[in-house]
Amino acid sequence: MFYRLLSVARRQRTGRGWQNWSSGRSSASAAEAHSVALPAQAQVVICGGGIMGTSVAYHLSKMGWKDIVLLEQGRLAAGSTRFCAGILSTARHLTIEQKMADYSNKLYHQLEQETGIQTEPLLSSLLRRMPDLETLEILKLVNCPETFTPDMRCIMGESPAVQGYFVLAGMNSAGLSFGGGAGRYLAEWMVHGYPSENIWELDLKRFGALQSSRTFLRHRVMEVMPLLYDLKVPRWDFQTGRQLRTSPLYDRLDAQGARWMEKHGFERPKYFVPPDKDLLALEQSKTFYKPDWFDIVESEVKCCKEAVCVIDMSSFTKFEITSTGDQALEILQYLFSNDLDVPVGHIVHTGMLNQGGGYENDCSIARLSKRSFFMISPTDQQVHCWAWLKKHMPEDSNLLLEDVTWKYTALNLIGPRAVDVLSELSYAPMTPDHFPSLFCKEMSVGYANGIRVMSMTHTGEPGFMLYIPIEYALHVYNEVMSVGQKYGIRNAGYYALRSLRIEKFFAFWGQDLNTLTTPLECGRESRVKLEKGMDFIGRDALLQQKQNGVYKRLTMFILDDHDTDLDLWPWWGEPIYRNGQYAGKTTSSAYSYTLERHVCLGFVHNFSEDTGEEQVVTADFINRGEYEIDIAGHRFQAKAKLYPVTSLFTHKRRKDDVELSDLHGK
């Protein structure tokens, strides 16, 4: 397609904002009659002269870029921007969307002062001047193309395949609301290398190649459009584009009552419906209160605590990094905050940080040999983590990065009897003396060889992760379930996993941790080795933060006066109040079947009462506060903890017998 140059900005910042971008506001015929030769080079070329393209250009110029070329095939704002209804709503489901809309609203008022352009809606002006227009009938409707995305969130960020190629698209009919904020964040990304806010929920890299299928997009978008204005209940799932990526055990688990949710296109079990439960009622249950699956998940959690459960976690991202010499160790030491120069067979929990010390990824890495490492990351890190590693790894033929996610089925055996099950299926001793915590060993399970067994569960409970070559997956699963019958084994899902990890104060990337969260802000100092003998990305920022103090702290809250049966549940995003003052919001929550209370995780800030500026947050500041969690306008008292509550409950106890003040972990 031939693009005409409608605006070439090679100017100083003394110009008056968007007024300088209006050279193409003449008629379409005039634009066609006047073609401008393209320059030989530019600092940035922006394709598309709608509200998004012009917003990016405007903000880049504000940040000091001068050599900007804006290309448009017709005239400025002649596409979907032309048919915008003028609705600017700041009430949005996601925090980042609220911030973009709020900034846009303020920017549009500011532009009137900057440019002298009258931004008052035309229709309001006309109705004041010609009141009879209000009674006129609409005789013509305009039908124009609009862009929608598979998850109803816009697409923003740098392409994982082409460095320096940025995308801002897919506004889902919210272009006017997001235009100013989205343009600002993308411009920051281009100028500074990162935006000023966490935009992971909008990041282009949350999608993989699988979401580019035309059939998938056609079906999903037909579902997306009606949902834009539908009530979003917690933990709802799309119905189209499903069963795209599945574990080899999918049919086996489905036949045993698995109910599914989707993550990065991968089907994952939520919970398993017993034969006596009404499946249809569970599928149609939508509520902000106590869900119908409460008792099901309780039985799965109890089994994890007292016997042994199996959770299929094959969706986790899995990479292998190998080299002919020490290259693999050297690059991983630079990319990760913890010390990976550990003996073969050891597992290290570590963060992949950015220059600001924030988490680009939170993962576990096992050293398979002196020159080989196995990396396990969250499911939705597959594209993002790959792009980050490839961007920072040197072009070295002796260094190999391989995505092996599809090669291994992952089974999580959780519970005190997991060791008994594996002991019967392997010749290797499984006692803690022979198989300590955070240890990895290749061994046989049943008839299958080469199973990577790791003594960790991602929940804080005892057990093992089994990474199984996919051709052995069904055999190993059948053997585990057969031998485990005498130990009370059963299947479990991610809802049970969520309850277990939150009551153990385990933070997850993408929910509690993000690119603006540092290890020092979430109590993970032990996963950072500032003196490991070499520099790593984010080290300078952490050293400075260690000296100056942190301005937020991840905290665990146990709701005290909340009635699980009658009150609205906390899900995530609820405001946190300290001594009656707003102090942050929750990032994740779950019901703890051990404590028989709701547990929330969230960041506490110390806002100055005079200026609103953030101040240093200390442990003493956290411990001295009185806290409340606001759930739909009703505040519930909560006890704040900086460390996991010591598990004093081996059996179920009545709520009246539980005194939270007696618990450890203060």
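In this numbering scheme, every chain counts its residues from 1 along its sequence in written order. Only residues with pLDDT of at least 70 get local features here, since the model is predicted, and only at 80 or more are side-chain atom pairs given and counted; chain-wide, interface and lining totals rely on the full set of residues. Based on all heavy atoms of the structure, the side-chain values leave hydrogens and waters out of the count.

### Quick notes on the overall build of the protein
Put simply, the rule reads: A run of DSSP states H or I qualifies as a helix once it reaches four residues; a run of E qualifies as a strand once it reaches two. Both are numbered from the N-terminal end. Whether a residue is buried, partly exposed or exposed follows from its accessible area with a 1.4 Å probe, protein chains only, as a fraction of its type maximum: under 20%, in between, or over 50%, in that order. Contacts between residues were defined by any pair of non-hydrogen atoms, one from each residue, lying within 4.5 Å. We get accessible surface area from the Shrake-Rupley algorithm with a probe of 1.4 Å; when it comes to residues, only the shown protein chains can shield them.
Each helix and strand in the protein was counted, giving 16 helices and 25 strands. Within the protein, buried positions represent 52% of all 666 residues. Here the contacts in the protein between residues at least 6 apart in sequence split such that 67% fall between residues at least 24 apart. About 32,000 Å² of surface is accessible on the protein, with carbon and sulfur atoms providing 50% of the total.

### Quick word on the pattern of salt bridges
Pairing between side chains becomes possible if they bear opposite charge and their charged atoms approach one another. Our working rule: By convention in these notes, a salt bridge is any Lys or Arg side-chain nitrogen within 4 Å of a carboxyl oxygen on Asp or Glu.
Using the criterion set out here, one finds 31 salt bridges in the structure. In this structure, Asp 151 engages Arg 153 in a salt bridge whose closest nitrogen and oxygen atoms are separated by 3.3 Å. The class for Asp 151 is buried, based on a relative accessible area of 14%. By relative accessible area, Arg 153 is classed as partly exposed at 23%. Among the ionic pairs, Glu 442 bridges to Arg 452, the shortest N-O distance being 3.3 Å. Pair noted here: Glu 442 is in strand E15 (residues 440-445) and Arg 452 is in strand E16 (residues 448-454), with a separation of 10 residues, a long-range link.

### So, the side chain of Thr 555
Put simply, the rule reads: Polar contact is defined as a pair of N or O atoms within 3.5 Å, subject to the rule that within protein one atom must be able to donate a hydrogen and the other to accept it, and that residues adjacent in sequence are counted only when both atoms are side-chain atoms.
Among the structural elements, Thr 555 can be located in strand E19 (residues 552-559). Accessibility expressed as a relative area gives 0% for Thr 555, which makes it buried. Here the side chain of Thr 555 touches Arg 553 through a polar contact of 3.1 Å, landing on its backbone oxygen. Setting aside residues no more than four positions away along its own chain, Thr 555 makes contact with Phe 505, Cys 600, Leu 601, Gly 602, Val 604, Ile 622, Ala 640, Lys 641 and Leu 642.

### A few points about the packing of aromatic side chains
Keep this limit in mind: Here a Phe, Tyr or Trp ring, Trp counted by its six-membered ring, pairs with any other such ring whose centre lies within 6.5 Å, and the pair is stacked when the planes are under 30 degrees apart, edge-to-face when over 60, and tilted otherwise. Two conditions define a charge located above a ring, namely a distance within 6 Å from the ring centre to NZ of Lys or CZ of Arg, and an angle within 35 degrees of the ring normal.
Within this structure, the stated rule accounts for 22 aromatic pairs. On the numbers, 5.6 Å between centres and 50 degrees between planes, the contact of Tyr 271 with Tyr 495 is tilted. One end of the pair, Tyr 271, is in strand E7 (residues 266-272); the other, Tyr 495, is in helix H14 (residues 494-503), and 224 residues separate them in sequence. Tyr 495 matches Tyr 271 in its accessibility class, with the two residues each being buried. Cluster of aromatic residues (ring-pair linked, three or more members): Tyr 271, Trp 293, Phe 294, Tyr 495, Trp 569, Trp 571, Tyr 591 and Tyr 593. Its end group placed over the ring of Phe 374, Arg 452 keeps NZ or CZ at 4.6 Å from the ring centre. Stacked on the ring of Phe 603, the Lys or Arg Lys 552 has its end atom at 5.1 Å from the ring centre.

### A look at the sheet that holds E16
Strand pairing in a sheet takes place through backbone hydrogen bonds and is either antiparallel or parallel in direction. What counts, and what does not: Any two strands with at least two DSSP-identified bridges between them are counted as paired.
The six strands are arranged E15-E16-E17-E14-E8-E18 in an open sheet whose pairing can be described as mixed. At either margin of the open sheet sits one strand with a lone partner, and together these are E15 and strand E18 (490-491).

### Some remarks on the environment of Phe 294
Among the structural elements, Phe 294 can be located in helix H9 (residues 294-306). The sequence separation of Phe 294 and Ala 496 amounts to 202 residues, and the corresponding C-alpha distance is 10.0 Å. Setting aside residues no more than four positions away along its own chain, Phe 294 makes contact with Thr 564, Trp 569, Tyr 591 and Tyr 593.

### A few points about empty space enclosed by the protein
Counted only if it meets this: Cavities and pockets were defined on a 1 Å grid built from protein atoms only: a cavity is a group of points that admits a 1.4 Å probe but offers it no way out, a pocket is an open group of points flanked by protein on both sides within 12 Å along at least five of seven lines, and a lining residue is one with an atom within 4 Å of any such point. Grid points are joined across faces, edges and corners, and a volume is the space filled by probe spheres set on the points. Three categories are distinguished: nonpolar for Ala, Val, Leu, Ile, Met, Phe, Trp, Tyr, Cys and Pro, charged for Asp, Glu, Lys and Arg, and polar for the others, with Gly belonging to the last.
Applying the stated criterion across every chain yields a total of four cavities of 30 Å³ or more. If you add up the space inside the largest cavity, you get close to 90 Å³. The wall of the largest cavity is formed by 14 residues, among which Arg 235, Trp 293, Trp 569, Ala 590 and Tyr 591 lie closest to the centre. Broken down by secondary-structure element, the contributors of at least two residues to the lining of the largest cavity are H14 and strand E21 (581-592). Considered class by class, the residues forming the lining of the largest cavity number nine nonpolar, three polar and two charged.

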